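Next come the chains, spelled out residue by residue.
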Amino acid sequence: AGTVRPGVGVTLKTAVSFDASGWICARRMDDTGHVTHTAPLYVSINDKPIRASQEDARFFVAWIDNILKNIAPGGPWAKFYVNDQEAVRRRYIKAREIYDKISKDAAVR
């Protein structure tokens, strides 16, 4: 944990043990919750790929399903995609397929 002020940096020093490939990042929180998030630092152990948990992957599948519902014609967010709604929808469907595959891969580990 650290305390920061606007315009003044903070250095995070930590030791983390990895027994499988993964990643680590830092978040800044305040009284209202999440404020900022660093980019991840990826760690590869024995050249093995980084695998998400099935639960995490299923979370993003559900998240994308919700987005697709909300951007569909008549959905509450459709008004934000008047010119390129189909292209946006295709991108979300592609992302959903990726997370669905991650979920299936995680299930057979």
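Because the structure is predicted, anything quoted here is derived from the model rather than measured.

K.L.:
What is the right way to read the overall build of the protein from this model?
P.N.:
Secondary structure assignment for the protein yields 2 helices and 4 strands. Along the protein, helices and strands appear, N-terminal first, in the series β-β-β-β-α-α. For 109 residues, the compact-globule formula gives about 13 Å, and the C-alpha radius of gyration of the protein, at 19 Å, lies well above that figure. Looking at the protein as a whole, 16% of its 109 residues are labelled buried. Across the protein, contacts joining residues at least 24 apart in sequence account for 41% of those joining residues at least 6 apart. For the protein, the exposed surface amounts to about 8,900 Å²; the carbon and sulfur share of it is 54%.

K.L.:
Explanation requested: the nonpolar core in the structure shown.
P.N.:
Note on soluble globular proteins: their nonpolar side chains tend to be buried together. If you look at the biggest cluster of nonpolar residues, it comprises 5 residues: I64, I67, L68, I71 and V88. Among the elements that take part in this core, helix 1 (residues 54-71) stands out by supplying 4 residues, more than any other.

K.L.:
What's the story with a nonpolar patch on the surface in this structure? I'm lost.
P.N.:
Nonpolar side chains collect at one region of the surface, where W23, Y42 and I50 lie side by side and expose about 330 Å² of accessible area between them. Residue placement: Y42 occurs in strand 4 (residues 41-43).

K.L.:
How do you make sense of the packing of aromatic side chains when you look at a structure like this?
P.N.:
When we look at a pair of aromatic rings, we describe it by the centre distance and by the angle of the planes. All told, the structure shown has 3 aromatic pairs when counted by the stated rule. Measuring from ring centre to ring centre gives 5.2 Å for F59 and F60, while their planes differ by 90°; the resulting arrangement is edge-to-face. F60 gets classed as partly exposed once you look at its relative accessible area, which sits at 34%. Joined through ring pairs, the aromatic side chains of F59, F60, W63 and Y99 make up one cluster.

K.L.:
What is the right way to look at the side chain of N70 in this model?
P.N.:
Positionally, N70 belongs in helix 1. If near-sequence neighbours (up to four positions away) are discounted, N70 is found in contact with G75, P76, W77 and A78.

K.L.:
Help me understand the pairing of strand 2 (residues 27-30), please; the structure alone is not making it clear to me.
P.N.:
Along a regular strand, successive side chains alternate from one face of the sheet to the other. Pairing geometry for strand 2 and strand 3 (residues 33-37), over 4 bridges, is antiparallel. Bridging from a neighbouring strand, M29 pairs with H34 of strand 3. Connecting the antiparallel pair strand 2 and strand 3 is a turn made up of 2 residues.

K.L.:
What's the story with helix 2 (residues 85-107) in this structure? I'm lost.
P.N.:
Since one α-helical turn is 3.6 residues long, residues separated by three or four positions face the same way. With 23 residues, helix 2 extends 33 Å from end C-alpha to end C-alpha; this agrees with the ideal 33 Å at 1.5 Å per step. Within the sequence span of helix 2, burial applies to Q85, V88, D100, S103 and A106. In this structure, the buried side of helix 2 is in contact with helix 1.

K.L.:
Explanation requested: the pattern of salt bridges in the structure shown.
P.N.:
The full count for this structure, using the stated rule, is 6 salt bridges. Residues E86 and R89 are paired through a salt bridge, measuring 2.7 Å at the closest nitrogen-oxygen approach. Residue E86 and its partner R89 are located together in helix 2, separated by 3 residues, close to a single helical turn. Assessed through its relative accessible area of 36%, E86 is described here as partly exposed. Residue D105 pairs with K101 through a salt bridge whose shortest N-O separation is 2.8 Å. Note that D105 and K101 are positioned in helix 2 at a spacing of 4 residues, about one turn of the helix.

About the thresholds
- Residues numbered from 1 in each chain as written.
- Predicted model: local features only at pLDDT ≥ 70, side-chain atom pairs only at ≥ 80, totals over all residues.
- Heavy atoms only, no water.
- Helix = DSSP H or I, 4+ residues; strand = E, 2+ residues; numbered from the N terminus.
- Rg over C-alpha atoms; globule rule 2.2 N^0.38 Å.
- Buried < 20%, exposed > 50% of the residue type's maximum accessible area, 1.4 Å probe, protein only.
- Contact = heavy atoms within 4.5 Å.
- Areas by Shrake-Rupley, 256 points an atom, 1.4 Å probe, with all protein chains shown as cover.
- Core = buried A, V, L, I, M, F, W, Y, C linked by side-chain atoms within 4.5 Å.
- Patch = residues over 30% accessible without salt bridge, like charges linked within 9 Å, V, L, I, M, F, W, Y side chains within 5 Å.
- Salt bridge = Lys/Arg side-chain N within 4 Å of Asp/Glu carboxyl O.
- Phe/Tyr/Trp six-rings, centres within 6.5 Å; stacked < 30°, edge-to-face > 60°.
- Pairing = 2+ DSSP bridges.
- Expected span 1.5 Å × (residues − 1).

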